[in-house]
Structures are given as structure tokens and as C-alpha cells.
Amino acid sequence: MHEVDMTKCLLISLNEWRDRREDTSAMVETVHLDVGRFTCVEPDQLVTTYNAAVQGNWLDGSRLTITEIPFVGRCLICNGTYDPVPENAYRSPCCDHPLEEIVSGRELRIRSIDYRSDAAAALESAPIQRQR
């Protein structure tokens, strides 16, 4: 279950985000993640491990929203994109060429963080440019 390791990395990233801020009183409400289907991360399990990990710390009460990014390959022979499936050994359905280029599906990133600050009662959103 690598969702536990992913949660640890996520918490490290969120702690670094808070440490870089001038106002460290930010109260995170929602962390928006992009998770590619080819990462083998189970979104429900990631939410469960996150919820368990944040209990009693500064992220307690925050939640994850996960946008699943489809697994898409590109055939270098016919230049078409397709949905690679293990039943076909991820080969191109048009010409049976092996998968050589992944267009999407390996993403695992924080897209943005919705938070409140003591200094400002309004909800803010901070996009994150960090990728794993």
C-alpha cells in the first residue's frame, strides 16, 4: 500500500508550503490533487490515509479532493492517442505497436490549496507548481 508513502510525501509538501508563507496561521480547508490512473494510487485509500494522518495536527479538519487523470498513450507509428490496457499489453489498438509514449496518467501533484488565514477571513486558493 503505497498510499501511506504518498500521504507522507504530501504532508512534507504541505509543511514546506506553510513554512514558506509569511503568515503561518493558514488553516487548510481543501487540498486539490491530480492523480494519474497509471500511478496505481487508489484515490479512496489515499483519502483514508490522509484523514488518519492529519488527526491532531495543523491540517486536522482539512480534506482532499482528487481529480483522476486518464491514462493516455500515443502510438509513434500512427501518431494516434489511445487508452492503453493491460489486457493488450498496453499496445496500440490500431497497429499493435508497443506503448512508447505516455501522454498522461503518471501525474501525482497538488493542484491547489484552499485555505483561510487569521489575517484574512476570506477563503483563498494557492496553486502549487510542484510535481513529483
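Because the structure is a prediction, the values reported are computed rather than measured.

Peer 1: What is the right way to read the packing of aromatic side chains from this model?
Peer 2: Think of a pair of aromatic rings as described by two things: how far the centres are apart, and how the planes are tilted against each other in angle. Under the criterion given, the structure shown has four aromatic pairs. A centroid spacing of 5.1 Å and a plane angle of 70 degrees characterise the contact between Trp 17 and Tyr 115, whose relative ring orientation is edge-to-face. Within this pair, whereas Trp 17 is found in helix 1 (residues 3-20), its partner Tyr 115 is found in strand 6 (residues 108-116), the two being separated by 98 residues in sequence. Each member of the pair, Trp 17 together with Tyr 115, is buried.

Peer 1: Would you take a moment to explain the pattern of salt bridges for this structure?
Peer 2: Side-chain pairing between opposite charges can occur once the charged atoms of the two side chains come close. Per the counting criterion, the structure on display carries six salt bridges. Here Arg 111 and Asp 34 are joined by a salt bridge, their closest N and O atoms 2.4 Å apart. In this pair, Arg 111 sits in strand 6 while Asp 34 sits in strand 1 (residues 27-36), placing the two residues 77 residues apart along the sequence. Accessibility expressed as a relative area gives 33% for Arg 111, which makes it partly exposed.

Peer 1: Can you help me understand the nonpolar core in this one?
Peer 2: If you look at soluble globular proteins, the nonpolar side chains tend to sit buried side by side. Ranked by size, the top nonpolar core spans 20 residues in total, and within it Leu 10, Leu 14, Val 31, Leu 33 and Tyr 50 carry the most contacts. Where this core is concerned, the elements lending two or more residues are helix 1, strand 1, helix 2 (43-53) and strand 6. A total of five residues in this core trace back to one element, the largest contributor, which is helix 1.

Peer 1: I'm lost on unusual backbone geometry in this one. Help?
Peer 2: With a phi close to 65 degrees, Asn 79 is a non-glycine residue in the positive phi region. Within the fold, Asn 79 resides in the loop between strand 3 (72-74) and strand 4 (81-82).

Peer 1: So what exactly am I meant to see when it comes to the side chain of Arg 21 here?
Peer 2: The residue Arg 21 is located in the loop between helix 1 and strand 1 in this model. Buried within the structure, Arg 21 lacks any salt-bridge partner; Asp 23 is the closest side chain of opposite charge, at an N-O distance of 4.4 Å. Apart from the residues lying within four places of it in its own chain, the contact partners of Arg 21 are Ala 26, Tyr 115 and Ser 117.

Peer 1: In this structure, what is going on with the packing of helix 1 against helix 2? I would like to understand it.
Peer 2: Axes are the key here: two packed helices are described by the angle between their axes and the distance separating the axes. Two elements in contact, helix 1 and helix 2, have axes separated by 9 Å at closest approach and are oriented at 55 degrees. On the basis of their axis angle, the class for helix 1 and helix 2 is oblique. Along this stretch, helix 1 crosses helix 2, giving a crossing that reads as right-handed. For the pair formed by helix 1 and helix 2, the contact residues are Glu 3, Val 4, Met 6, Thr 7, Leu 10, Leu 11 and Leu 14 on the first element and Gln 45, Leu 46, Thr 49, Tyr 50 and Ala 53 on the second.

Conventions and cut-offs
- Counting from 1, residues in each chain are numbered in the order their sequence is written.
- Predicted model: local features are reported for residues with pLDDT of at least 70 only, side-chain atom pairs are reported and counted for 80 or more only, and whole-chain, interface and lining totals are derived from all residues.
- Hydrogens and water molecules were not included; the side-chain quantities draw on all heavy atoms of the structure.
- Note on ring pairs: Phe, Tyr and Trp rings are taken, using the six-membered ring of Trp, and paired if centres are within 6.5 Å. Classes follow the plane angle, with under 30 degrees stacked, over 60 edge-to-face and the rest tilted.
- A run of H or I in DSSP becomes a helix once it reaches four residues, and a run of E becomes a strand once it reaches two; helices and strands are each numbered from the N terminus.
- Three labels apply to residues, based on accessible area from a 1.4 Å probe with only protein chains included: buried if under 20% of the type maximum, exposed if over 50%, partly exposed otherwise in between.
- Whenever Lys or Arg places a side-chain nitrogen within 4 Å of a carboxyl oxygen from Asp or Glu, that contact is recorded as a salt bridge.
- By nonpolar core we mean a set of buried residues, namely Ala, Val, Leu, Ile, Met, Phe, Trp, Tyr and Cys, connected to one another through side-chain atoms within 4.5 Å.
- Within this scheme the basic residues Lys and Arg register as positive and the acidic residues Asp and Glu register as negative, but His and the chain ends are omitted.
- Should any heavy atoms of two residues lie within 4.5 Å, those residues are counted as being in contact.
- Fitted lines through C-alpha atoms serve as axes, helices being fitted only where they are in contact, and the angles separating the N-to-C directions of these axes extend from 0 to 180 degrees.
- Just so you know how the angles are binned, under 35 degrees is roughly parallel, over 145 roughly antiparallel, 65 to 115 roughly perpendicular, and the rest oblique.
- Left-handed is the label given to a crossing in which the near helix is rotated counterclockwise from the far helix by less than a right angle, and right-handed is the label when the rotation is clockwise.

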